[in-house]
Amino acid sequence: MYTKIPPLEKTYNKTLLVIKGCQNIEQLEGASRMVKNFKTLYREVGYPKVLSYSLDNAIQKQHTICQL
């Protein structure tokens, strides 16, 4: 069975927008699951590790903002 994988750039940008749109910790937990899914999906096709680092960094920054 063939599963079509969405374009990397589009998925990355959407994930980043979701992270930046989080206004509380509960929303950020959902975004963290989205990042995990992104990594799982694109690990199979070999995505640049800098994207993973970037998403993790965005989660940390938004977590700090949500705690304020």
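For the structure itself, consult the block above.
Residues numbered from 1 in each chain as written. Predicted model: local features only at pLDDT ≥ 70, side-chain atom pairs only at ≥ 80, totals over all residues. Heavy atoms only, no water.

With respect to the overall build of the chain
Thought 1: A count of helical and extended segments in the chain gives 3 helices and 0 strands.
Thought 2: Counted from the first residue to the last, the chain has its helices and strands arranged as α-α-α.
Thought 3: The buried share of the chain, taken over its 68 residues, is 29%.
Thought 4: Contacts in the chain between residues far apart in sequence, at least 24 positions, make up 67% of those at least 6 positions apart.
Thought 5: Carbon together with sulfur atoms contributes 57% to the accessible area of the chain, which is approximately 5,200 Å² in total.
Thought 6: Within the chain, one finds 10 positive and 5 negative side-chain charges whose respective centroids are separated by 5 Å. (Helix = DSSP H or I, 4+ residues; strand = E, 2+ residues; numbered from the N terminus. Buried < 20%, exposed > 50% of the residue type's maximum accessible area, 1.4 Å probe, protein only. Contact = heavy atoms within 4.5 Å. Areas by Shrake-Rupley, 256 points an atom, 1.4 Å probe, with all protein chains shown as cover. Lys, Arg positive; Asp, Glu negative; His and termini not counted. Charge placed at Lys NZ, Arg CZ, Asp CG, Glu CD.)

Looking at the packing of helix α2 (residues 25-43) against helix α3 (residues 49-67)
Thought 1: Taken N-terminus to C-terminus, the directions of α2 and α3 make an angle of 175°; their axes are 10 Å apart at the nearest point. Between α2 and α3, the angle is such that the two are roughly antiparallel. Here α2 contributes Ile25, Leu28, Ala31, Ser32, Val35, Phe38 and Lys39 to the contact with α3, which in turn contributes Leu51, Ser52, Leu55, Asp56, Ile59, Gln62, His63, Cys66 and Gln67.
Thought 2: The class makeup of the residues in the contact of α2 with α3 is 9 nonpolar, 5 polar and 2 charged. (Axes fitted to C-alpha atoms, helices over the stretch in contact; angles between N-to-C directions. Parallel < 35°, antiparallel > 145°, perpendicular 65-115°, else oblique. Nonpolar A, V, L, I, M, F, W, Y, C, P; charged D, E, K, R; others polar.)

Some details on α3
Thought 1: Spanning 19 residues, α3 covers 28 Å between terminal C-alpha atoms, matching the ideal 27 Å at 1.5 Å per step.
Thought 2: Taken together, the buried positions of α3 are Leu51, Ser52, Leu55, Ala58, Ile59, Gln62 and Cys66. For α3, the arc enclosing every buried residue in end-on projection is 125°, short of the 170-degree limit, so these residues lie on one face. Counted as exposed and oriented over 90 degrees from the buried face of α3: Lys49, Val50, Tyr53, Gln60, Lys61 and Gln67.
Thought 3: Close packing links the buried residues of α3 with α1 (8-21) and α2. (Expected span 1.5 Å × (residues − 1). Arc of directions from axis to C-beta.)

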